[in-house]
Amino acid sequence: MGWFREWRRRRVLKYRAIVPEAWFAATASMPVLQGLSAEERERLRGLATLFLSEKSLEPVQGLELTEEMALIVAAQAVLPILNLGIDSYDQWYSLVLYPDEFITRREWTDEHGLVHARRDILSGEAWGRGPMVLSWADVAEAPVIDGYNPVIHECAHKLDLLNGDANGMPPLHAGMNARAWREVFEAAYEDLCRRADAGLQTAVDPYATESPAECFAVMSEHFFETPHALRAAYPEVYAQLALFYRQSPVTRIAV
Ligand SMILES: [Zn+2]
């Protein structure tokens, strides 16, 4: 299957690539892409082409999906995998887009046999092999540099899920050290929890204190959006993420 997929991808890139003018119009003013070299932007366009060819974008609740909207989603979705490759997203297929924040209802049974239900208002969600779910209103806001980026957040969960549960430990590359990763993230997580409990300011979105998985996803948002602030607050987390994503946004994004 490998050769066939490669052959298919080469054909998609050759005959169905995103038109440069449309790509430029949708992405030129995205601050999160600032500082990327011409070569990196070209590779990003190629990845976005494959992303849109291989994923199914599914607008719901009457949302009208335009080509520009698809490009805005795709550009952000492939930024984390710029140096990892499109194979990193092989385990999922659908991206459901709600017009705005959406409500989920979950039920679970506790050890006493009681069934609980909870309603959550969400701007994004990622399931194991299931769909990624996003709110367009949040995606449209996301290119602003503020450390909040639900597309990158959900994509980080998808990378985390590649080796099983979302637990803040994605599959690391050869040469990376799992113990170092764990220690660095645990220390940052504990520091964040301590600060949040004490009512102090946190350098990253306190949503990171929900779980190690959320910590990795939120740190990833900050890594791409506010890398200088992340590096100042948690330099070792920044360093681990730079190894994991194989890029270093501090070198391209202005302070
Ligand atoms: Zn999350």
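Above this text you will find the structure in question.
What you see is a predicted model; the values in this text were computed from it and never measured. (Residues numbered from 1 in each chain as written. Predicted model: local features only at pLDDT ≥ 70, side-chain atom pairs only at ≥ 80, totals over all residues. Heavy atoms only, no water.)

1. Some points on a negative patch on the surface
- On the surface, a cluster of negative charge is contributed by Asp100, Glu101, Glu141 and Asp146.
- Turning to its location among the elements, glutamate 141 is positioned in helix H5 (residues 136-141). (Patch = residues over 30% accessible without salt bridge, like charges linked within 9 Å, V, L, I, M, F, W, Y side chains within 5 Å. Areas by Shrake-Rupley, 256 points an atom, 1.4 Å probe, with all protein chains shown as cover. Salt bridge = Lys/Arg side-chain N within 4 Å of Asp/Glu carboxyl O. Lys, Arg positive; Asp, Glu negative; His and termini not counted. Charge placed at Lys NZ, Arg CZ, Asp CG, Glu CD. Helix = DSSP H or I, 4+ residues; strand = E, 2+ residues; numbered from the N terminus.)

2. Thoughts on the side chain of arginine 45
- With respect to the helices and strands, the residue arginine 45 is situated in helix H3 (residues 38-54).
- A polar contact of 2.8 Å, which involves the side chain of arginine 45, links it to the side chain of glutamate 42. (Polar contact = N/O pair within 3.5 Å; in protein donor to acceptor, adjacent residues only side chain to side chain.)

3. Some points on a nonpolar patch on the surface
- A cluster of nonpolar residues, Trp3, Phe4 and Trp7, forms a patch on the protein surface that exposes about 380 Å² of accessible area.
- Looking at where phenylalanine 4 falls in the secondary structure, it is placed in helix H1 (residues 2-15).
- According to the relative accessible area criterion, phenylalanine 4 is partly exposed, its value standing at 36%. (Buried < 20%, exposed > 50% of the residue type's maximum accessible area, 1.4 Å probe, protein only.)

4. Quick word on the environment of methionine 132
- Within the fold, methionine 132 resides in strand E6 (residues 132-135).
- Residues methionine 132 and leucine 95 lie 37 residues apart in sequence; the distance between their C-alpha atoms is 4.7 Å.

5. As for the nonpolar core
- Counting residues in hydrophobic clusters, the biggest one holds 66 residues, and the most contacted among them are Phe51, Leu95, Met219, Leu241 and Tyr245.
- It is helix H4 (residues 67-78) that contributes the most residues to this core, 9 residues altogether.
- Residues within four places of tyrosine 245 in sequence aside, it is in contact with Pro80, Asn83, Leu84, Ala156, Leu159, Phe216, Ser220, Phe223 and Phe224. (Core = buried A, V, L, I, M, F, W, Y, C linked by side-chain atoms within 4.5 Å. Contact = heavy atoms within 4.5 Å.)

6. A look at the packing of aromatic side chains
- Scanning all chains against the criterion turns up 16 aromatic pairs.
- A connected cluster of aromatic rings, assembled from ring pairs, spans Trp181, Phe185, Phe216, Phe223, Phe224, Tyr238, Phe244 and Tyr245.
- The ring of tryptophan 92 carries the charged tip of lysine 55 above its face, separated from the ring centre by 4.8 Å.
- Here the basic side chain of arginine 231 rests over the ring of tyrosine 238, its NZ or CZ set 6.0 Å away from the ring centre. (Phe/Tyr/Trp six-rings, centres within 6.5 Å; stacked < 30°, edge-to-face > 60°. Lys NZ or Arg CZ within 6 Å of the ring centre and 35° of its normal.)

7. Considering the environment of phenylalanine 244
- Tracing the backbone through its elements, the reader meets phenylalanine 244 in helix H10 (residues 235-245).
- Judged by relative accessible area, which is 3%, phenylalanine 244 ranks as buried.
- For phenylalanine 244 and asparagine 83, which are 161 residues apart along the polypeptide, the C-alpha to C-alpha distance reads 9.6 Å.
- Each residue touching phenylalanine 244, except ones within four places of it in the same chain, is listed here: Leu84, Leu159, Pro170, Pro171, Leu172, His173, Met176, Trp181 and Phe216.

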